[in-house]
Amino acid sequence: MTECGEITGYLKMGAGRVLRCSVVAAILCILTPAIVRAAGIETDTGLLSPPMIDNKAVNVKVGLFLTNLIDVDEVRELFQISGYLFMTWKDPRLAFSTAGAAAERSYNPDSIWIPRVLMINATTRREKITINIRGDPDGTIHYLEMFQAQLTTSLYLESFPFDTESLEVFVVPFLDERDTMMLEYDKQVAGVGSEPFVELAQWKILGLQGAAQHHAIGATGKETSEIEIDVVVQRRYAYYIWKVFLPLVAMVAIAYSAFWIKTSDYYTQISITLTAVLTEIAFLFAISSSLPKVPYLTFIDAFFLMSFGFSCACIVELVAVHQITERNQSDSAARVRVIARILYPVIYVAVLIVVALVFSTSAANHRP
């Protein structure tokens, strides 16, 4: 009997605790919405569908503010950025009166409809660092997201290192929602930060450009709205002027100096020119890590090949003059040498100008 009494007591105590927990839970369910509303945070789960009126797509303004250009990988054609993503749209269901209430409301990302947009050329998932959502009394919603993303782009390096590139960011709706929204570029919020850390040492940011357009969805014949945002950057080329171009010109000048040695001293002439040629080859291997590895010819490649070719041409001239001298035609050898001294620098500069014009024209066709 004693054991039965203890068991009965425990059962009564358990039932009492369950009853108290149930009462507390019911009170919390009643009070939580009121507390949330008092805090100005909207949690109505019936607002998750797009606010389409008369089956018309919702106009969504999209803008991007760049806070940091983290990296540009020319070989893999990748770049990494961080910044703020702005989206603005109107949801009449969220309109409210300001009488006795705050001038704006905050919303939970899971409580209302938010346009699902993708950076379609991202190589990894966009990292959303923090999100803030505010609403105006007329139902206008302001979405602010701080993000970090790695994206792929097409680089046109023909005029390297004097190139200007466009780092492209393509913002599109999620495929299932392409008919529910129409994207529009918001120039008012777009821009680039002015802090020193925003730019890279090798790149100068010229500005931000954006435009709305339509993008075909494969071979389906359907289209979706799209925002193309271009981060226009220009390479800082001073490094290549001092470390590549001037040394190469100096090597060509060394090879050319052999023309000013008397024609009878063939050994000294050929030694100087061969030294310049071998130095240029070693120099190419030394700077190869600083050059983009692309399947086409860049301006710096053409400049090196041209300089190397002119240095080799010096050897041809030296051999020709030596052979003429060996045939006891010293006067003819002297005339050839005088002509070479004049024409060599003139032709070198002329060819350099032509090469520069060709590559600048090619770059202008791809310039953003």
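Since this is a predicted model, take the numbers as computed values, not measurements.

1. Structural notes on the packing of aromatic side chains
Tallied over the full model, the rule gives 18 aromatic pairs. Here the aromatic rings of Phe 162 and Phe 299 are separated by 5.8 Å at their centres, their planes lie at 65 degrees, and the arrangement is edge-to-face. Of this pair, Phe 162 sits in the loop between strand S7 (140-152) and strand S8 (164-173) while Phe 299 sits in helix H4 (residues 299-326), and the two are 137 residues apart along the sequence. One aromatic cluster in this structure is built from Phe 162, Tyr 237, Phe 245, Phe 299, Phe 303 and Phe 359. Seen from the ring of Phe 96, Arg 105 lies directly overhead, with NZ or CZ sitting 4.3 Å from the centre. The ring of Trp 260 carries Arg 341 above its face, with NZ or CZ at 4.5 Å from the centroid.

2. Some thoughts on the sheet that holds strand S11 (residues 203-216)
Judged by pairing direction, the sheet is antiparallel, and its four strands sit side by side in the order S5-S8-S12-S11 without closing on themselves. Two strands in the sheet have a free side with no partner beyond their single neighbour: strand S5 (117-119) and S11. Taken pair by pair, the neighbouring strands of this sheet meet at an average axis angle of 20 degrees, ignoring direction.

3. Some remarks on the packing of helix H2 (residues 238-256) against helix H3 (residues 266-287)
In a pair of packed helices, the angle between the axes and the distance between the axes together describe the arrangement. In the contact formed by H2 and H3, the axes pass within 8 Å of each other and the chain directions differ by 165 degrees. One way to sum up the angle between H2 and H3 is to call them roughly antiparallel. Judged by the sense of rotation from one axis to the other, the crossing of H2 with H3 is left-handed. In this structure, H2 uses Lys 243, Val 244, Pro 247, Leu 248, Met 251, Val 252, Ile 254 and Ala 255 to contact H3, whose residues at the interface are Ile 272, Thr 273, Ala 276, Thr 279, Glu 280, Phe 283 and Ile 287.

4. Quick notes on H2
A rise of 1.5 Å per residue sets the reference length of H2, with its 19 residues, at 27 Å; its end C-alpha atoms lie 26 Å apart and thus fit the reference within 8%. The largest bend in H2 amounts to roughly 30 degrees and is located at Phe 245, with the proline Pro 247 lying one to four residues further along. Along H2, the positions that sit buried rather than exposed are Tyr 240, Val 244, Phe 245, Leu 248, Met 251, Val 252, Ala 255 and Tyr 256.

5. Digging into a nonpolar patch on the surface
A grouping of Val 338, Ile 339, Ile 342, Leu 343, Val 346 and Ile 347 is seen on the molecular surface, where their side chains present a nonpolar patch of about 530 Å² in accessible area. Turning to its location among the elements, Ile 339 is positioned in helix H5 (residues 330-366).

6. Section: the confidence of the model for the protein chain
Confidence along the protein chain averages 85 in pLDDT terms, with 85% of residues attaining 70 or more. Between residues 1-15, whose pLDDT stays under 50, and residues either more than four places distant or in other chains, the model counts zero contacts. Taken together, the stretch residues 23-43 has pLDDT below 50 and engages in 13 contacts with residues farther than four places along the chain or on a different chain.

What counts, and at which threshold
Residues numbered from 1 in each chain as written. Predicted model: local features only at pLDDT ≥ 70, side-chain atom pairs only at ≥ 80, totals over all residues. Heavy atoms only, no water. Phe/Tyr/Trp six-rings, centres within 6.5 Å; stacked < 30°, edge-to-face > 60°. Helix = DSSP H or I, 4+ residues; strand = E, 2+ residues; numbered from the N terminus. Lys NZ or Arg CZ within 6 Å of the ring centre and 35° of its normal. Pairing = 2+ DSSP bridges. Axes fitted to C-alpha atoms, helices over the stretch in contact; angles between N-to-C directions. Parallel < 35°, antiparallel > 145°, perpendicular 65-115°, else oblique. Left-handed = near helix turned anticlockwise from the far one by under 90°. Contact = heavy atoms within 4.5 Å. Expected span 1.5 Å × (residues − 1). Bend = angle between axes of the 7 residues up to and from the residue. Buried < 20%, exposed > 50% of the residue type's maximum accessible area, 1.4 Å probe, protein only. Patch = residues over 30% accessible without salt bridge, like charges linked within 9 Å, V, L, I, M, F, W, Y side chains within 5 Å. Areas by Shrake-Rupley, 256 points an atom, 1.4 Å probe, with all protein chains shown as cover. Salt bridge = Lys/Arg side-chain N within 4 Å of Asp/Glu carboxyl O. pLDDT = per-residue confidence, 0-100.

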